[in-house]
Amino acid sequence: MGALRSPRPEFKDLIPYSAKDVRVEVMLASNEHPASLPSELLAKIAERLPDFSFNRYPDPVATELRELIAEANGLEAGNVLIGNGGDEIIFNLQLAWGGPGRTVLDMPPTFSMYAIDAKATGTSLVQVPRLDDFSIDEKAVLSRVGEGDIDIVVVSNPNNPTGGLANESFLIELLGATDALVLVDEAYFEFSRHTMRPHMARHENLVILRTFSKAFSLAGLRIGYMLAQPDVVSELLKVRQPYSVDAFAQWIAAIVFRERPAFEQGLSEILRGRDQIMHGLRLIHGIEVFESEANYVLFRTEHASALWRDLLRNYSVLVRDFSRTPGLEGCLRVTVGTPEENRRFLEATDEVLSSRRAAGYFCKNADGAKASEH
Ligand SMILES: *Cc1c(COP(=O)(O)O)cnc(C)c1O
């Protein structure tokens, strides 16, 4: 009969997380590491591959990786939960602590998954917008949390996509002001070197999120982790899919984590690349650059959408367009790549903007063509 019953009406206006997967020469849109694993690690993996048991179900809680991460953070295995990317943990936290009749608070502009997961889990979303300089409106957050109905507070730290860190004193005050779970998303910890980990002992409600997707070159494998009190971990074990973290990813992540000093040099290079990009952008007329503690840089220009399109079409350079996100009008985000990729991005940006200026060509009529994206 060919009929299809309609899906849940609450999802009618929900937009999937930017599923766009364009392969171009210079990929600077997703805050990935510019390189795959270091070659000495690849050799080690290749050598041991014949012993890997592809036929067995994974360890549901990734015991080996969990213990490694616990030890490195001065915690017990019971404080650690491994996820299929940090994204799975953000979702499961909202399943376990959110849900119908419950409320999550975030601070936009910020990582869009918090709001998408709120919708998908039926959690009410309260948004306390950031100030014009993208710092947190601390008073407004504390006062809103003081109303007592918030179940989860999410702080991306550094904030994606704006790049800045929250004040530590504010986060401590927030932790003390509420019994809501406070998820401090440290996806860029290895770049910012800033963590709330020391405050876990005094604040039961602190949950820290990290990932292997950015600093450890493993975005393709999907491994993230949470540091939290054992009660929080065991609650998430109730709702998660038991085999969400596959055995191969667990195996590779454990190798990578053991060998993490091998990434130090690459990380320093990325930090130098960030300076290269910030410095280069500041030299280009008509660009405002925002400080970053992560591996990406947000900048604002009058011709953002047109620049995004020209970079892609004429230079095969892909950055992220936020110019249609409320609060980020005119903004693009570029991920730090290799020195050569950064140079290509800067030269292309300079050329596009100077030729637009030379043509006396303004964004009013040059913005038409792009599909929306967040
Ligand atoms: C990249 C990112 C994550 C997690 O990414 P995964 O690939 O799912 O581990 C979480 N939060 C923020 C803010 C991010 O930018």
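Presented here is a report on the structure given in the accompanying data block. (Residues numbered from 1 in each chain as written. Predicted model: local features only at pLDDT ≥ 70, side-chain atom pairs only at ≥ 80, totals over all residues. Heavy atoms only, no water.)

Overview of helix H8 (residues 230–239)
Residues separated by three or four positions in an α-helix point in the same direction, a consequence of the helix having 3.6 residues per turn.
No. 1: Taken residue by residue, H8 has Val232, Val233 and Leu236 as its buried positions. Along the axis of H8, the buried positions cluster into a sector of 100°, meaning they face one direction only. Exposed residues lying more than 90 degrees from the buried face of H8 are Asp231 and Lys238.
No. 2: In this structure, the buried residues of H8 make contact with helix H2 (63–72), strand E2 (80–83), helix H3 (85–97), strand E6 (181–185), strand E7 (206–211) and strand E8 (224–227). (Buried < 20%, exposed > 50% of the residue type's maximum accessible area, 1.4 Å probe, protein only. Helix = DSSP H or I, 4+ residues; strand = E, 2+ residues; numbered from the N terminus. Arc of directions from axis to C-beta. Contact = heavy atoms within 4.5 Å.)

Regarding the site of the ligand
No. 1: Every one of the 14 residues lining the ligand counts as a neighbour, but Gly86, Asp185, Thr211, Ser213 and Lys214 are closest to it.
No. 2: In this structure, an oxygen atom belonging to the ligand sits 2.9 Å away from a main-chain N or O atom of aspartate 87.
No. 3: Take tyrosine 188: an N or O atom from its side chain is 2.6 Å from an oxygen atom of the ligand.
No. 4: Against a free-state accessible area of 390 Å², the protein chains account for coverage of 94% of the ligand.
No. 5: The dominant element in the shell around the ligand, judged by the number of residues it contributes, is H3, at three residues.
No. 6: When grouped by side-chain class, the residues that make up the shell around the ligand number four nonpolar, six polar and four charged. (Near = heavy atom within 4 Å. Polar contact = N/O pair within 3.5 Å; in protein donor to acceptor, adjacent residues only side chain to side chain. Areas by Shrake-Rupley, 256 points an atom, 1.4 Å probe, with all protein chains shown as cover. Nonpolar A, V, L, I, M, F, W, Y, C, P; charged D, E, K, R; others polar.)

Section: unusual backbone geometry
No. 1: Of note, the amide linkage connecting proline 108 to proline 109 takes the cis form, showing an omega dihedral of -5°.
No. 2: Here proline 109 shows up in the loop between strand E3 (103–106) and helix H4 (113–121).
No. 3: A cis amide bond links asparagine 157 with the next residue in sequence, proline 158, at an omega value of 0°.
No. 4: The topology assignment puts proline 158 in the loop between strand E5 (152–156) and helix H6 (168–177).
No. 5: Its identity as a non-glycine residue notwithstanding, arginine 193 has a phi of 55°, on the positive side.
No. 6: Following the sequence through the fold, arginine 193 ends up in the loop between helix H7 (189–192) and E7.

Looking at the packing of helix H1 (residues 39–48) against helix H9 (residues 247–258)
No. 1: Between H1 and H9, whose axes approach to 11 Å, the crossing angle comes to 135°. Taken together, H1 and H9 sit at an angle that is classed as oblique. Regarding H1 and H9, the two cross each other, and that crossing is right-handed. When H1 is examined against H9, the residues Leu41, Ile45 and Arg48 are found in contact with a partner set consisting of Trp251, Ile252, Ile255 and Val256.
No. 2: Along the lines of polarity and charge, the residues of the contact of H1 with H9 split into six nonpolar, no polar and one charged. (Axes fitted to C-alpha atoms, helices over the stretch in contact; angles between N-to-C directions. Parallel < 35°, antiparallel > 145°, perpendicular 65-115°, else oblique. Left-handed = near helix turned anticlockwise from the far one by under 90°.)

Quick notes on the pattern of salt bridges
No. 1: Tallying each qualifying case throughout the model produces 18 salt bridges.
No. 2: A salt bridge links glutamate 340 to arginine 343, with the shortest nitrogen-to-oxygen separation between them at 2.9 Å. Here glutamate 340 pairs with arginine 343, and both are found in helix H12 (residues 339–358), just three residues apart, close to one helical turn.
No. 3: Linked through salt bridges whose partners overlap, the residues forming this network are Arg144, Glu147 and Asp149. (Salt bridge = Lys/Arg side-chain N within 4 Å of Asp/Glu carboxyl O.)

Let's talk about the pairing of E6
No. 1: When you tally the buried positions in E6, you get five out of five residues, the bulk of the element.
No. 2: By the alternation rule, side chains of E6 split into Leu181, Leu183 and Asp185 and Val182 and Val184, which are all buried.
No. 3: Here five bridges tie E5 to E6, and the two strands are oriented parallel to one another. Its bridge partner being in E6, isoleucine 152 is matched across the sheet by leucine 181.
No. 4: The handedness of the E5 to E6 crossover, carried by H6, is right-handed.
No. 5: Note: E6 against E7, four bridges, orientation parallel. Bridge assignment links leucine 183 to a residue of E7, and that residue is valine 207. (Pairing = 2+ DSSP bridges. Right-handed = clockwise from strand over helix to strand, strands pointing away.)

Some words on the sheet that holds E5
No. 1: What the seven strands build is an open sheet, ordered E2-E8-E7-E6-E5-E3-E4; its pairing is mixed. In this open sheet, the two strands that pair with only one neighbour each are E2 and strand E4 (124–127). Across the sheet, the axes of successive neighbouring strands diverge by a mean angle of 20°, strand direction being ignored.
No. 2: When E7 meets E8, the two strands line up antiparallel, connected through four bridges. Across the sheet, the residue bridging to leucine 209 is methionine 226, located in E8.
No. 3: Along the sheet, H3 makes contact with E2, E3, E5, E6, E7 and E8, crossing E8 at roughly 45°.

Re the sheet that holds strand E10 (residues 296–301)
No. 1: Strand order in the open sheet formed by four strands is E9-E10-E13-E12, and the pairing between neighbours is antiparallel. A strand with exactly one partner marks an edge of an open sheet, and here the two such strands are strand E9 (287–289) and strand E12 (320–321).
No. 2: Bridge count for E12 against strand E13 (residues 331–335) is two bridges, and the pairing is antiparallel. If you follow arginine 320 over to E13, its bridge partner there is arginine 333.
No. 3: Strands in contact with helix H11 (residues 304–315) are E10, E12 and E13; relative to E13, the strand with the most contacts, it is inclined by about 35°.

Re the nonpolar core
No. 1: Leu65, Val153 and Phe212 are the most contacted members of the largest nonpolar core, which totals 52 residues.
No. 2: If one sorts the elements of this core by residue count, H9 sits on top with eight residues.
No. 3: Those residues in contact with valine 153 that lie beyond four places of it in its chain are Leu105, Met107, Val145, Leu174, Ala180, Leu181, Val182 and Leu183.
No. 4: Counting residues in hydrophobic clusters, the runner-up holds 35 residues, among them Ala187, Ala215, Leu267 and Phe299. (Core = buried A, V, L, I, M, F, W, Y, C linked by side-chain atoms within 4.5 Å.)

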